[in-house]
Amino acid sequence: MNLEGSHTINAPRTLVYASLIDPQVLQQCIPGCESLERTSEGIYAMTIRAGVGSIKGLFNGTVRMEDLREPEHYRLAIEGKGRTGFLKGSGDFELVEEGDTTVIKYNGEMQVGGMIASVGQRMVLSAARMMASQFFTALEEQTEKRLAQPKTNSAAQSE
């Protein structure tokens, strides 16, 4: 199943890119992510709580950052397994600077199996769209915090 769209963040592209590759930010942004720990360069062990409809579960797996081309592109690949099934997906992120804002164009694919797939593709796709929306809303919040941080420090220093 494919998922694509775009999201605009009111921040410079370099800052948005830095947020997207920061594992602490990713942990805050990936819906249901309970842990994200580096195991090797660009690879992280993850625990995520996710589900569709009444079928929910805990998934353990990996997150890989691939094809990093700062500050315009990267790929995020996720694999997880749990009692309710498995999820596997990847997404490409293209960052386009438009003045003071950054447009993130994303295109990804996802596969689910096991009990979680039994709810039907339509419900799974709806849940995936909702999770993408939650991810980008959280990313925007995290990036805005980073954007405000230097201003706060310089204001405090001038007092």
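Residues numbered from 1 in each chain as written. Predicted model: local features only at pLDDT ≥ 70, side-chain atom pairs only at ≥ 80, totals over all residues. Heavy atoms only, no water.

## Remarks on the overall build of the chain
Here's step 1: A count of helical and extended segments in the chain gives three helices and seven strands.
Here's step 2: For the chain, the α and β elements follow one another from N to C terminus as β-α-α-β-β-β-β-β-β-α.
Here's step 3: Computed over the C-alpha atoms, the radius of gyration of the chain is 17 Å, within 12% of the 15 Å expected from 2.2 N^0.38 for a compact globule of 159 residues.
Here's step 4: Among the 159 residues that make up the chain, the fraction classed as buried is 41%.
Here's step 5: Entry remark: accessible area of the chain is about 9000 Å², with carbon and sulfur atoms responsible for 49%.
Here's step 6: Looking at the chain, you have 16 positive and 20 negative side-chain charges, and the mean spots of the two groups are 9 Å apart. (Helix = DSSP H or I, 4+ residues; strand = E, 2+ residues; numbered from the N terminus. Rg over C-alpha atoms; globule rule 2.2 N^0.38 Å. Buried < 20%, exposed > 50% of the residue type's maximum accessible area, 1.4 Å probe, protein only. Areas by Shrake-Rupley, 256 points an atom, 1.4 Å probe, with all protein chains shown as cover. Lys, Arg positive; Asp, Glu negative; His and termini not counted. Charge placed at Lys NZ, Arg CZ, Asp CG, Glu CD.)

## With respect to empty space enclosed by the protein
Here's step 1: This model, assessed by the stated rule, comprises one cavity of 30 Å³ or more.
Here's step 2: One number sums up the size of the largest cavity: a volume of about 620 Å³.
Here's step 3: Lining of the largest cavity is provided by 29 residues; of these, L3, I78, M110, A128 and M131 occupy positions nearest its centre.
Here's step 4: Elements that contribute at least two residues to the lining of the largest cavity include exactly β3 (43-52), β5 (73-82), β6 (85-98), β7 (101-113) and α3 (121-158).
Here's step 5: In terms of residue count, α3 provides more of the lining of the largest cavity than any other element does, seven residues in total. (1 Å grid on protein atoms, 1.4 Å probe; cavity = no way out; pocket = protein on both sides within 12 Å on 5 of 7 lines; lining within 4 Å. Points joined across faces, edges and corners; volume = space filled by probe spheres on them.)

## A few points about the nonpolar core
Here's step 1: Core analysis: the largest hydrophobic core is formed by 39 residues, its most contacted members being L20, L26, Y74, F93, I104, F135 and L139.
Here's step 2: Here this core gets nine residues from one element, more than from any other, and that element is α3.
Here's step 3: Ignoring sequence-local partners within four residues, the contact set of L139 consists of I9, S19, L20, V25, C29 and I104. (Core = buried A, V, L, I, M, F, W, Y, C linked by side-chain atoms within 4.5 Å. Contact = heavy atoms within 4.5 Å.)

## Comments concerning unusual backbone geometry
Leaving glycine aside, a negative phi is the common case for residues, and trans is the common case for peptide bonds.
Here's step 1: The omega torsion across E70 and P71 is -5°, close enough to zero to call that bond cis.
Here's step 2: Structurally, the position occupied by P71 is in the loop between β4 (55-69) and β5.
Here's step 3: With a phi angle near 50°, D67 is a residue other than glycine that sits in the positive phi range.
Here's step 4: Structurally, D67 is set in strand β4.

## A few points about the pattern of salt bridges
Here's step 1: Under the defined criterion, the tally for this structure stands at eight salt bridges.
Here's step 2: Residue R49 is joined to E34 by a salt bridge in which the shortest nitrogen-to-oxygen separation is 2.8 Å. Of this pair, R49 sits in strand β3 while E34 sits in strand β2 (residues 33-40), and the two are 15 residues apart along the sequence.
Here's step 3: Its relative accessible area of 45% is what places R49 among the partly exposed residues.
Here's step 4: Take E34: its relative accessible area is 41%, and that puts it in the partly exposed class. (Salt bridge = Lys/Arg side-chain N within 4 Å of Asp/Glu carboxyl O.)

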